[in-house]
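A look at the structure
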Amino acid sequence: MSTDVRARPVAAEVKALLSEYARCLDELRIADWEGFFAEEAHYEVSSRENVERGLPLAHVLDHTRARIHDRVTYIMQVWEGHYNAYWPRHILGEPVAIGGDGEDSHVETPFALYITEAGSVGSRLLAVGRYEDVVALEDGSARFRRKRVILDTTVLPRYFVYPI
Amino acid sequence: MGTNTSVLDRIQWPAEDNRVPREIYLDEEIYALEMERIFNGPYWLMLGHESELPELGDYKRMDMGAVPVIVLRDMEGEIRVLVNACAHRGTQLLDAEHGNLAKTRAITCIYHAWRFSLSGELQAATMPEDFPVDFDTSCYGLPRARVALHGGAIFATLSDEAPELAHDVRDIAGGLDLALGDGKLVFLGAQKVVLEANWKIIAENIYDGYHVVALHKAFRLLKVRAAGGEQNYGEDYERRGHVWEEYRTIEPDEIPLLRDPSLLHIRTKEESTNRILNIWPASVVSDQVDTLALRYVQPRGPEKTEVHYAVFARAGESEEIKHHRTVQGSNLFGPQGFISLEDQTALARVQTSADARGENVVLKGTLNRFPPYRMLDEAGIRHFYSAYRHAMGMTQVGAGAGNGALPEVTS
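What this report covers is the structure whose coordinates are included nearby. Computed from a prediction, not measured in an experiment: that's the story for all the values here.

Within chain A one finds four helices and seven strands. Taking 164 residues into account, the globule formula puts the C-alpha radius of gyration at 15 Å, and chain A, at 16 Å, falls close to it. Residue burial in chain A is summarised as follows: out of 164 residues, 49% are buried. For chain A, the exposed surface amounts to about 7500 Å²; the carbon and sulfur share of it is 50%. Side chains of chain A give 19 positive and 26 negative charges; the mean places of these two sets differ by 4 Å.

The next subject is the nonpolar core. Counting 146 residues, the largest nonpolar core has Tyr43 and Ile164 of chain A together with Tyr388 of chain B as the members making the most contacts within it. Per element, the largest residue contribution to this core is seven residues, and it comes from helix 11 (residues 381-392) of chain B. With residues up to four places along the chain from it excluded, the contact list for Ile164 of chain A reads Tyr21, Leu25, Tyr43, Val45, His90, Phe111, Leu113, Tyr131, Lys147, Val149 and Leu151 of chain A. Judged by nonpolar contacts, the second largest core, of 17 residues, contains Tyr59, Ile70, Leu101 and Cys109 of chain B.

Attention shifts here to the side chain of Glu238 of chain B. Mapped onto the elements of the fold, Glu238 of chain B is located in the loop between strand 13 (229-233) and strand 14 (243-248). At a separation of 2.5 Å, a polar atom in the side chain of Glu238 of chain B contacts the side chain of Ser386 of chain B.

Before going further, it helps to spend a moment on a nonpolar patch on the surface. Taken together, the side chains of Ile91, Tyr114 and Leu125 of chain A define a hydrophobic patch exposed on the protein surface, amounting to about 270 Å² of accessible area. Along the chain, the position of Ile91 of chain A falls in strand 3 (residues 86-92).

As a further point, take helix 4 (residues 173-180) of chain B. Since the α-helix turns once every 3.6 residues, residues separated by three or four places project in the same direction. Residues and elements named next belong to chain B. Listed as buried for helix 4 are Ala173, Gly175, Leu176, Ala179 and Leu180. An end-on view of helix 4 places all buried positions within 160 degrees of arc, on one side of the element. Downstream of helix 4 by one or two residues, Gly181 has phi in the positive range, about 60 degrees.

Another aspect to go through is the packing of helix 5 (residues 199-207) of chain B against helix 11 of chain B. All names here are of chain B. In the contact formed by helix 5 and helix 11, the axes pass within 9 Å of each other and the chain directions differ by 140 degrees. Considered as vectors, helix 5 and helix 11 are oriented oblique to each other. Every residue of helix 11 that contacts helix 5 at Trp199, Lys200, Ala203, Glu204 and Tyr207 is listed here: Ile381, Phe384, Tyr385 and Tyr388. In terms of residue class, the contact of helix 5 with helix 11 is built from seven nonpolar, no polar and two charged.

So, on to the packing of aromatic side chains. For the structure on display, the rule yields 33 aromatic pairs over all chains. For the ring pair Tyr21 of chain A and Tyr131 of chain A, a centre distance of 6.1 Å and an interplane angle of 85 degrees mean the geometry is edge-to-face. Here Tyr21 of chain A is found in helix 1 (residues 12-26), whereas its partner Tyr131 of chain A is found in strand 6 (residues 124-138), with 110 residues between them in sequence. Members of the aromatic cluster, connected to one another through ring pairs, are Trp13, Phe39, Tyr43, Trp199, Tyr207, Tyr233, Trp280, Tyr373, Phe384, Tyr385 and Tyr388 of chain B. The positively charged end of Lys147 of chain A is found above the aromatic ring belonging to Tyr131 of chain A, 3.5 Å away from the centroid.

In this complex, chain A contributes 36 residues to the contact, which on the side of chain B involves 39 residues. In total, chain A and chain B occlude about 3400 Å² of area from one another, counting both sides; carbon and sulfur atoms represent 55% of this. For the chain A face of the interface with chain B, the top three residues by lost area are Leu57, His82 and Tyr159 of chain A, together amounting to 19%. Here chain A and chain B share three salt bridges between them. Among the ionic pairs, Glu49 of chain A bridges to Lys192 of chain B, the shortest N-O distance being 3.0 Å. Put simply, chain A and chain B have 25 residue pairs in polar contact (both at pLDDT 80 or more) between them. When contributions to the side of chain A that touches chain B are tallied by element, the ones reaching two or more residues are helix 3 (48-52), strand 2 (60-62) and helix 4 (65-78) of chain A. Per-element accounting of the side of chain A that touches chain B gives the leading share, nine residues, to helix 4 of chain A. Across the side of chain A that touches chain B, the residue classes tally to 17 nonpolar, eleven polar and eight charged.

This brings us to the environment of Arg144 of chain B. Residue and element names in this part refer to chain B. Note that Arg144 resides in the loop between strand 9 (122-124) and strand 10 (146-150). Along the primary structure Arg144 and Ile70 are separated by 74 residues, whereas in three dimensions their C-alpha atoms are 9.6 Å apart. Filtering out sequence-adjacent residues up to four positions away, Arg144 remains in contact with Arg80, Val81, Leu82, Ser119 and Glu121. Within the structure, Arg144 has its side chain in polar contact with the backbone oxygen of Ser119 (distance 2.8 Å). Within the local environment of Arg144, its side chain forms a polar contact with the side chain of Glu121, the two groups lying 2.8 Å apart.

What follows concerns the sheet that holds strand 7 (residues 106-108) of chain B. Residues and elements named next belong to chain B. Taken in spatial order, the three strands make up an open sheet running 7-8-9, and their pairing is antiparallel. Each having just a single partner strand, strand 7 and strand 9 make up the two edges of the open sheet. On average, each strand axis in the sheet is inclined to that of its neighbour by 35 degrees, with strand direction left out of account. Of the strand pairs in this sheet, strand 7 and strand 8 (residues 115-117) are connected by three bridges, and their pairing is antiparallel. Opposite Thr108, over in strand 8, you have Arg115 as the bridge partner.

With that settled, consider the pairing of strand 15 (residues 273-279) of chain B. All names here are of chain B. Within strand 15, six of the seven residues are buried, which leaves the element mostly enclosed by the surrounding structure. In this structure, strand 14 lies alongside strand 15, joined through six bridges in antiparallel fashion. Within strand 15, the residue paired with Glu246 across the bridge is Arg275. In this structure, strand 15 lies alongside strand 16 (residues 283-288), joined through five bridges in antiparallel fashion. Counterpart to Ile276 in the pairing with strand 16 is Ser286. Taken together, strand 15 and the strand that follows it, strand 16, pair antiparallel across an intervening segment of three residues.

A word on the pairing of strand 1 (residues 37-47) of chain A. Looking along a regular strand, one sees the side chains alternate between the two faces of the sheet. Residues and elements named next belong to chain A. Strand 1 sits mainly inside the fold: nine of its eleven residues count as buried. Here strand 1 pairs with strand 7 (residues 141-151) via seven bridges, running parallel. Its bridge partner lying in strand 7, Ser46 is registered against Ile150. As paired strands, strand 1 and strand 2 are joined by three bridges and run antiparallel to one another. Looking across to strand 2, one finds that Tyr43 is bridged to Asp62.

Attention now goes to the state of the cysteines. Residues and elements named next belong to chain B. This structure, assessed with the given rule, holds zero disulfides over all chains. With no disulfide of its own, Cys86 has Cys109 as its nearest cysteine by sulfur position, at a separation of 4.0 Å. By relative accessible area, Cys86 is classed as buried at 5%.

Criteria and cut-off values
- Here the residue numbers are simple positions, counted from 1 along each chain's written sequence.
- By the order in which they are written, chains take letters starting at A while ligands take numbers starting at 1.
- Two thresholds apply to this predicted model, a pLDDT of at least 70 for residue-level local features and 80 or more for giving and counting side-chain atom pairs, whereas whole-chain, interface and lining totals are computed over all residues.
- Heavy atoms from the whole structure form the basis of all side-chain values; hydrogens and water molecules are not counted.
- Secondary structure elements are taken from DSSP: a helix is a run of H or I of four residues or more, a strand is a run of E of two residues or more, and numbering for both begins at the N terminus.
- For the radius of gyration, the atom set is restricted to C-alpha positions; the globular benchmark scales as 2.2 Å times the number of residues to the power 0.38.
- Only protein chains enter the calculation, and the probe is 1.4 Å; a residue is then buried if its accessible area is under 20% of its type maximum, exposed if over 50%, and partly exposed in between.
- Each accessible area is a Shrake-Rupley estimate made with a 1.4 Å probe; only the visible protein chains count as cover when residues are assessed.
- In this tally, Lys and Arg are treated as positive and Asp and Glu as negative; His is ignored, and so are the chain termini.
- Positions of charges follow a simple convention, taking NZ of Lys, CZ of Arg, CG of Asp or CD of Glu.
- In these notes, a set of buried Ala, Val, Leu, Ile, Met, Phe, Trp, Tyr and Cys residues joined through side-chain atoms within 4.5 Å is what counts as a nonpolar core.
- In this description, contact between two residues means that some pair of their heavy atoms is separated by no more than 4.5 Å.
- As used in this structure description, the phrase polar contact means that two N or O atoms lie within 3.5 Å; if the pair is within protein, one of them must be able to donate a hydrogen and the other to accept it, and residues adjacent in sequence are counted only when both atoms belong to side chains.
- The patch calculation keeps residues exceeding 30% relative accessible area without a salt bridge and links them within 9 Å when they carry like charges or within 5 Å when they are nonpolar (Val, Leu, Ile, Met, Phe, Trp, Tyr).
- Should a side-chain nitrogen of Lys or Arg be within 4 Å of a carboxyl oxygen of Asp or Glu, the pair is scored as a salt bridge.
- Working note: the arc is built from the helix axis to C-beta atom directions.
- Throughout, an axis means a line fitted to C-alpha atoms (over the contacting stretch in the case of helices), and angles, computed between N-to-C directions, take values from 0 to 180 degrees.
- Here the angle decides the label: under 35 degrees means roughly parallel, over 145 means roughly antiparallel, 65 to 115 means roughly perpendicular, and every other value means oblique.
- Each residue is assigned to one of three groups, with Ala, Val, Leu, Ile, Met, Phe, Trp, Tyr, Cys and Pro labelled nonpolar, Asp, Glu, Lys and Arg labelled charged, and all others, Gly among them, labelled polar.
- By convention, a stacked pair of Phe, Tyr or Trp rings (six-membered ring in the case of Trp) has centres within 6.5 Å and planes under 30 degrees apart, an edge-to-face pair has planes over 60 apart, and any other such pair is tilted.
- Throughout this description, the term charge over a ring refers to an Arg CZ or Lys NZ atom that lies within 6 Å of the ring centre and within 35 degrees of the ring normal.
- The term buried area refers to how much accessible surface (probe radius 1.4 Å) is lost by two components on association, counted for both of them together.
- Pairing between strands is defined by DSSP: at least two bridges between them are needed.
- Two cysteine sulfurs form a disulfide in these notes if their separation is within 2.5 Å.

Structure, rendered in structure tokens:
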């Protein structure tokens, strides 16, 4: 058994944040996505391969709230009609508390992302991986201060458009 | 070869050199012949950059057409490209994407424990007692590709007939040198993605300056059309279809669209010069805005292509500049980037509708029969396909009959 006896329960607010986040993306409410982040926030999608080698390049690297906002602009304005759309479906596993520094919760959650493309037969797996999140609990509401999406998937089967 | 070559008679390549039959994006036999005649033919494929393999024994796995290879730095520091199949029964030797072999200084096959040096020689076969009496380890080395470096970029070919790399790329070496400098780079990582398009559709896109402002909002913001630029081709462009595009951008004073406009800022160059090169058949060197990237292109069947976007900083640059390059390499020119995502969509859609048969047409800039062309032309796609037909042994219908087909170029 390698159960960490220090493991703490994941707060109900954090669990709710994770499931609402996934639901927002699955419903393609892209404009609402940035509202899940704190005023100072970092969002990143990286491959496990780069992370394990200590290489900083990412699929998506929005290290400020301004960039997180700009991503919504790319999707809704710049790329409008310029991408092959799909419906995402995030399947989240059980979040695990991996520590914290008093104010913030550090939580890791495994996920699988399936997509359904218009006109295609069936649905397919786009990526699997884990979220490494730092969640700020302020005034009773939970927001991501840092959301790092680490993809196990080494070679993506296609590009992705929407945040993961 | 019999069944392979018959496909060449089946493809009706139009006499007009600006028309491309869509079957070549779909046909399995054409694809198999391309792997043999182009990806294993007398051409150089870019497989990496030295800075990805900084330590003795570092390796990464790649494919040259259908042939799996190991790209590695041997214990003498030499870059080697070895076929990733045991000389005995063909077992895959290394299965990790990358790694280091310095500890063992050898590649050992798991199946019968044959051991090879990092330069590919068979060091020992286990229990050789009952082998044929003339068994000679020196006959069982791993096949090696020829390797040549340019600015630290690693090129390899499985053909003895390829000219020396320096000769092959001589006419675009100026562009390679401007992009790669002294070759002392720092590897920032790679994004790996399958583009749902034939490898030629992906390559054509580099010759196609027409789409640059038609498709890309970011290039309109950077005023590429007003700033101008040109496409350079080598002397032997009908046979060695490399292209080197050199163009300028104008950084706007403000970009109201973005809250953080630094995404489009140029901070590493005195002047806003940009360049992108396609090294025939399909290797890309990109030095655009502040993203310095190499793209390694590995076909995965007629309708899919795996592309690695490897991104670099220059040695000695500050952490701040490295970070800036990392953000641009991720968010501007990465597969999910502001610019490059749009390319992938367009290329996938060209592939999807190749089933419509018929021909694709190349128009912009074709009033000029020969290069150089302006940055925003697409005329060079004709030369890509001229080199392609030459490599494949294809001819145009009625070629040489005075119907507009290009004359044979004597080399």
